[in-house]
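What follows is each chain in one-letter form.
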Amino acid sequence: MSVTASAGFRAAGATAGLKASGRPDVALVVNDGPLDAAAAVYTSNRCKAHPVLWSERASADGHLKAVVLNSGGANCFTGPQGFQTTHATAELVGELVGAGAADVVVCSTGLIGVQLPRDALLSGVRAAHAALATDGGTAAATAIMTTDTVSKQAIATGTGPDGTAFTVGGMAKGAGMLAPGLATMLVVVTTDAVAEPADLDRALRSATRTTFDRVDSDGCTSTNDTVVLMASGASGVRPEPGALDEAVRSVCADLARMLVGDAEGAEHDIAVEVVGAASEEDAVEVGRSVARNNLFKTAVFGKDPNWGRVMAAVGTTGAAFDPQALDVSLNGVAVCVGGAPHEDPAGVDLTPREVHVRIDLHAGERSATVWTNDLTHAYVHENSAYST
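The text that follows walks through the structure, step by step, so that each part is easy to find. None of these values were measured; they are calculated from a predicted model. (Residues numbered from 1 in each chain as written. Predicted model: local features only at pLDDT ≥ 70, side-chain atom pairs only at ≥ 80, totals over all residues. Heavy atoms only, no water.)

For the coordinates displayed, the defined rule picks out 16 salt bridges. The partner of K48 in a salt bridge is E56, with the nearest N and O atoms 2.7 Å apart. Overall, K48 belongs to the partly exposed group, its relative accessible area being 26%. Residue R288 is joined to D216 by a salt bridge in which the shortest nitrogen-to-oxygen separation is 3.4 Å. (Salt bridge = Lys/Arg side-chain N within 4 Å of Asp/Glu carboxyl O. Buried < 20%, exposed > 50% of the residue type's maximum accessible area, 1.4 Å probe, protein only.)

Looking now at the pairing of strand 7 (residues 165-173). Burial within strand 7 is extensive, with eight of its nine residues counted as buried. Relative to strand 7, strand 6 (residues 152-159) runs antiparallel, the two being bridged by eight bridges. Note that in strand 7 the partner of G158 across the bridge is F166. Count of turn residues in the strand 6/strand 7 antiparallel hairpin: five residues, of which G163 carries a positive phi of about 90°. Where strand 7 and strand 8 (residues 186-191) come together, six bridges link them in antiparallel fashion. Paired with A172 across the strands is V187, a residue of strand 8. (Helix = DSSP H or I, 4+ residues; strand = E, 2+ residues; numbered from the N terminus. Pairing = 2+ DSSP bridges.)

Moving on, we get to the packing of aromatic side chains. Under the defined criterion, the tally for this structure stands at one aromatic pair. The ring of W371 has R257 lying over it, and the distance from NZ or CZ to the ring centre is 3.9 Å. (Phe/Tyr/Trp six-rings, centres within 6.5 Å; stacked < 30°, edge-to-face > 60°. Lys NZ or Arg CZ within 6 Å of the ring centre and 35° of its normal.)

To continue, consider the packing of helix 2 (residues 79-97) against helix 3 (residues 118-130). Two quantities define a packed helix pair, namely the angle between the axes and the distance from one axis to the other. At a closest axis distance of 10 Å, the pairing of helix 2 and helix 3 adopts a crossing angle of 20°. Compared by their axis directions, helix 2 and helix 3 come out roughly parallel. The element helix 2 and its partner helix 3 pack so that their crossing is right-handed. Judged by residue contacts, Q81, Q84, T85, A88, T89, L92, V93, L96 and V97 of helix 2 engage R118, L121, L122, V125, R126 and H129 from helix 3. For the contact of helix 2 with helix 3, the residue count by class is eight nonpolar, five polar and two charged. (Axes fitted to C-alpha atoms, helices over the stretch in contact; angles between N-to-C directions. Parallel < 35°, antiparallel > 145°, perpendicular 65-115°, else oblique. Left-handed = near helix turned anticlockwise from the far one by under 90°. Contact = heavy atoms within 4.5 Å. Nonpolar A, V, L, I, M, F, W, Y, C, P; charged D, E, K, R; others polar.)

Positionally, S235 belongs in the loop between strand 9 (226-231) and helix 6 (241-261). Here the alpha-carbon distance between S235 and D119, two residues 116 residues apart in the chain, equals 38 Å. Separated by 2.6 Å, the side chain of S235 and the backbone oxygen of D192 make a polar contact. A polar side-chain atom of S235 sits 3.1 Å from the main-chain amide nitrogen of V237. (Polar contact = N/O pair within 3.5 Å; in protein donor to acceptor, adjacent residues only side chain to side chain.)

Right, let's get into the sheet that holds strand 11 (residues 327-330). The mixed open sheet is built from six strands, whose spatial order is 13-12-11-14-10-15. Sheet topology places strand 13 (340-341) and strand 15 (366-373) at the edges, where each strand pairs with a single neighbour. The sheet contact formed by strand 12 (residues 333-337) and strand 13 spans two bridges and is antiparallel. Its bridge partner being in strand 13, C336 is matched across the sheet by P341. Packed on one face of the sheet, helix 7 (residues 280-291) meets strand 10 (269-277), strand 14 (354-360) and strand 15 and runs near 20° to strand 15.

Our next topic: helix 5 (residues 197-210). The end-to-end C-alpha separation of helix 5 is 20 Å, in line with the 20 Å expected for 14 residues at 1.5 Å each. When helix 5 is considered as a whole, its buried residues turn out to be L200, A203, L204, A207 and T208. The arc enclosing the buried residues of helix 5, seen along the axis, measures out at 120°, which places them on a common side. Taken together, the buried residues of helix 5 touch strand 3 (37-42), strand 8, strand 9 and helix 6. (Expected span 1.5 Å × (residues − 1). Arc of directions from axis to C-beta.)

Laid out in structure tokens, this is it:
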């Protein structure tokens, strides 16, 4: 499963003792080639963790041999000592896999402002390297979990011009602080397709724009977000650009939905679909405004079809629309048509896990969907006690 579904990759998870729980906390994904093409995108947060600052430079040339990830500590705002820990981690991985430190992306997740125990982390890296296997994807996906309740893995296949198959596999962690700028996620995606760094960069940026960047759980953006795509070329298949883009998008879309589905304390997954927009940007802005509206999110938690909160959120945007022409439906019930009440909101069933909000702006032909979740007592409790 996961990152080792693609030929040419090995992965592993190990326990370094970074988590008080004693659960696995170090993961390693290695590209055995023959190619080492790569692309990556990172958080838009200006306060970036040491691993992000390192990895931005390491991935800039489009070539990577490995990604090493740890949970149990974000290694962010930890001063020179923290950066030295990141550097030492990359150097050790490079030494173990026969590459340079600059061929290694480093990812960390956990509490900000706490030093990672370097010796323990490096010991965990050695253990992960010793355990590398072609079926180690699930172990790696498990080791990067923090508040996640389940590991997140996805696979897609595509075909080259001659009908020969290639594979894309991915793993992710993330269960809260899901907002544009990637969300608080670490994601590794692999493919055995033959591809150049420019191909991967195009495919990854196109995919994240409509998947990870449209997951908006709580409006909070993390300091450590990293999404990496690596190609081994082991299948020998060079797909057409569209085929590669679609396979990468499919994996990213599946992982993004898993992130929403595992959002901290959530009881509802909410798709905010905006249609009839003058531009895609308008559609995203409106969807995001509703997705971030705490009054709307608490109403969904309480199973209250209060569509006025949707209208109020739409009205805070700069999108083109006539307020008297807006339509809103909740789980298929047209509660508002032409800016006025329509069907009885009592007919809206908000008991299912998935909630679909459809907003028609009647201002154009563009559309977009933003995924979010409800705001629950459990979310407040978990995040009020996160560091303790």
